[in-house]
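# A structural walkthrough
Letter by letter, the chains look like this.
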Amino acid sequence: MSQIWKSLPRGQYLSLAPWAWVQLESADPPGPFPFVAGVAPEVVASLHEAHGLLSSAIDTAISDVFSKRAPLDDPDRQRRLEDAYAEVINTRPYLQQHIRCGRKPDGTFQWEFPTDPTKSATVTNGGLRIFHSVKRKAIPIGFDQRQLGPLVGKVLGFLDGTHQTDEINTVVATSGRDGERVLTRLIESLHQHECLVSSSTSSVRSRWFEILQDKDTVHLGHAALLYRQRDQMLLFDPWLLPWFAESSVPSLWGPLLPKPAAVFLTHDHDDHVDPRTLLHLPKDTLIIVPSRRNRRTLSYDYLSLLRELGFSRVIELAHGESWAFEGGAVYSVPFYGEDPCDLEMPRNCYLIADRGYNVLVHADSGPTNSGKSALKDGVLQSLAQKHGPIPLVFASQQQLLEVRGHAAHAPLSHPGKWLDVGENGYLTNAYLADVCAAAQAKLFVSYATGGADWYPDHLSFMFSQRNPARTALLTAHWERPETLKELLVKHGCGYHFGHALDLFRHTTDGLVEPLTTGETLTPLSLYRLDHGDPPFMSANSRTTPSRYIDKDRL
């Protein structure tokens, strides 16, 4: 037995301290879209380079519009963009290997690149880095050319405070010679740098089950939701942060949550599929993702990502399919919009149908550039007809519009449309009111824009309570929430702006009541259940983030 196991407390529950985390690191640059499937990595690299070579010209063209040198509706702008793109490609033979473009004799513009449903840009990690946010330390560990990411993910999943030292020792000892060597070094480094905490009790799960009643939903911040279904928890779009990773307040992190029976991911954006969060979850957890059967051409390679993180139980749920539980099921619902490049990547919303009570996880879904939507296609109307009224709807209230050339997947979009205004979560008040009317909702919860002080505030879709002036800058030209409230009242539906740890409970008269959980579920309170005060924090420290109340958003 390695000396480290004699140094760790026996018969104690071991967990990663919430102010520490591990990140896998790729041996090679991961590329622009490391998990896009349906196109070969070398093709994506060429498309990305072509976009990069024109990025400064795109910015200049935008500046010309703002300085009024150029009209907003210049009819020749698309042709100039296309010709400039063709010039870039045709002067670089290595880009011509993957991209065909040019003006046809009839004046139309040809732009093509090869697709292949068997190809995917994936990442193999060559090492890891341990972070300790209190001491501001980063400790690297290499894999020596071995593919050990999944084993690291497995061990991290055991460090959730529900497994004792001997059990974790067994996992390491049975991981093979190469795996055991690196994992032992990982445990040694975590112990040496005070990233592990131990306790004779494991109380976090029971605390959550004390507070949540059957059929309750808790908002964990941003788009993360926790739903209690009898004696199990269902987790949606978890984006959790280690303590002090982004702010000075304790945050919800993996060991502070009950182990979920299943995790549901809606779509491929980083704030809904967060590799760091997933890396630290127990690896025998079932992960449910959008299905490749719903793709047009390209898709997000959830399977490769999740395998590299250590997961072995993954289900792809196509639209209309369901994952059953006792008394009901979670149904995959089509996700529309938030796609400025019109790639139509497979994405899911979810309906929880639980013994006559329904909850819609609508996420960031909304109308597409062509006007399609869950309303226009009758999706929501069909759900309500089949399953009954949907009293609780969680949906983004974003009204973001983005120039396509600045969108994340712009290189995969037709270059002639790079200066068009694309759609990126543009959800009008009228649309959201109609969603709730079709669902026969009793409460609309506006979420997926932060809702907790521990999230970063530098993202365009994040409205931090720490920086109200920045929020005002971002939303100055948005429709006011008061208008949505008025529209919802006409349909007998209430409005609630979601904060982390708000709880939503259905009532006997068919309504949904928003409740506050007070101090019981704050990150610091959850930590103190088994570990007392953190070594760097006094007993009278603030136990919950202060909430700046933006009255314009309530």
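Here's what I pulled together on the structure shown here.

## Describing helix 15 (residues 523-531)
- Extensive coverage of helix 15 is indicated by the burial of seven of its nine residues.
- By the burial criterion, the buried members of helix 15 are Pro523, Leu524, Ser525, Leu526, Tyr527, Arg528 and Asp530.
- Buried residues in helix 15 make contact with strand 9 (196-199) and helix 8 (204-211).
- Downstream of helix 15 by a residue or two, glycine 532 has a phi angle that is positive, lying close to 70 degrees.

## Examining the environment of tyrosine 302
- The topology assignment puts tyrosine 302 in helix 10 (residues 302-309).
- Tyrosine 302 gets classed as buried once you look at its relative accessible area, which sits at 4%.
- Sequence-wise, tyrosine 302 and glycine 405 are 103 residues apart; in three dimensions their C-alpha atoms are separated by 25 Å.
- Each residue touching tyrosine 302, except ones within four places of it in the same chain, is listed here: Leu265, Thr266, His267, Asp268, Val273, Val289, Pro290 and Pro346.

## Brief notes about the nonpolar core
- By size, the foremost hydrophobic cluster in this structure holds 115 residues, and its most contacted members are Tyr85, Ile187, Leu190 and Trp208.
- With seven residues, the top contributor of residues to this core is helix 2 (residues 41-66).
- When near neighbours in sequence (up to four residues on either side) are disregarded, tyrosine 85 contacts Leu47, Ala50, Leu54, Ile99, Cys101, Trp111, Pro415 and Trp418.
- Membership of the second largest hydrophobic core comes to 59 residues, among which are Phe236, Ala329, Leu488 and Val512.

## A few points about the packing of helix 11 (residues 379-387) against helix 12 (residues 429-439)
- As a packed pair, helix 11 and helix 12 sit with axes 8 Å apart at the nearest point and diverge in direction by 25 degrees. Between helix 11 and helix 12, the crossing angle belongs to the class labelled roughly parallel. For the pair helix 11 and helix 12, the sense of crossing is right-handed. Between helix 11, through Leu380, Gln381 and Ala384, and helix 12, the contact on the second element is made entirely by Val435, Ala438 and Ala439.

## Concerning the sheet that holds strand 7 (residues 137-142)
- In spatial order, the strands read 2-6-7; together these three strands make up an open sheet with antiparallel pairing. Two strands close off the open sheet at either side, each with one partner strand: strand 2 (20-26) and strand 7. Strand-to-strand, the axes of this sheet are offset by a mean angle of 25 degrees, without reference to chain direction.
- Sheet analysis places strand 2 next to strand 6 (residues 125-132), joined by seven bridges and oriented antiparallel. Note that in strand 6 the partner of valine 22 across the bridge is isoleucine 130.

## A closer look at the side chain of serine 251
- On the secondary structure map, serine 251 appears in the loop between strand 12 (232-236) and strand 13 (262-264).
- One polar contact links the side chain of serine 251 to the main-chain carbonyl oxygen of proline 242, over a distance of 3.0 Å.
- If we skip the residues at most four places from it in the chain, serine 251 touches Leu241, Pro242, Trp243, Phe244, Leu256, Trp454 and Pro523.

## Points about empty space enclosed by the protein
- With the rule as written, the count across this model stands at three cavities of 30 Å³ or more.
- The volume enclosed by the second largest cavity comes to roughly 70 Å³.
- Along the walls of the second largest cavity sit Asp160, Leu235, Gly254, Leu257, Pro258, Lys259, Pro260, His280, Leu281 and Pro282, which together make up its complete lining.
- The residue inventory of the lining of the second largest cavity, partitioned by class, reads six nonpolar, two polar and two charged.

Rules used throughout
- Residues numbered from 1 in each chain as written.
- Predicted model: local features only at pLDDT ≥ 70, side-chain atom pairs only at ≥ 80, totals over all residues.
- Heavy atoms only, no water.
- Buried < 20%, exposed > 50% of the residue type's maximum accessible area, 1.4 Å probe, protein only.
- Helix = DSSP H or I, 4+ residues; strand = E, 2+ residues; numbered from the N terminus.
- Contact = heavy atoms within 4.5 Å.
- Core = buried A, V, L, I, M, F, W, Y, C linked by side-chain atoms within 4.5 Å.
- Axes fitted to C-alpha atoms, helices over the stretch in contact; angles between N-to-C directions.
- Parallel < 35°, antiparallel > 145°, perpendicular 65-115°, else oblique.
- Left-handed = near helix turned anticlockwise from the far one by under 90°.
- Pairing = 2+ DSSP bridges.
- Polar contact = N/O pair within 3.5 Å; in protein donor to acceptor, adjacent residues only side chain to side chain.
- 1 Å grid on protein atoms, 1.4 Å probe; cavity = no way out; pocket = protein on both sides within 12 Å on 5 of 7 lines; lining within 4 Å.
- Points joined across faces, edges and corners; volume = space filled by probe spheres on them.
- Nonpolar A, V, L, I, M, F, W, Y, C, P; charged D, E, K, R; others polar.

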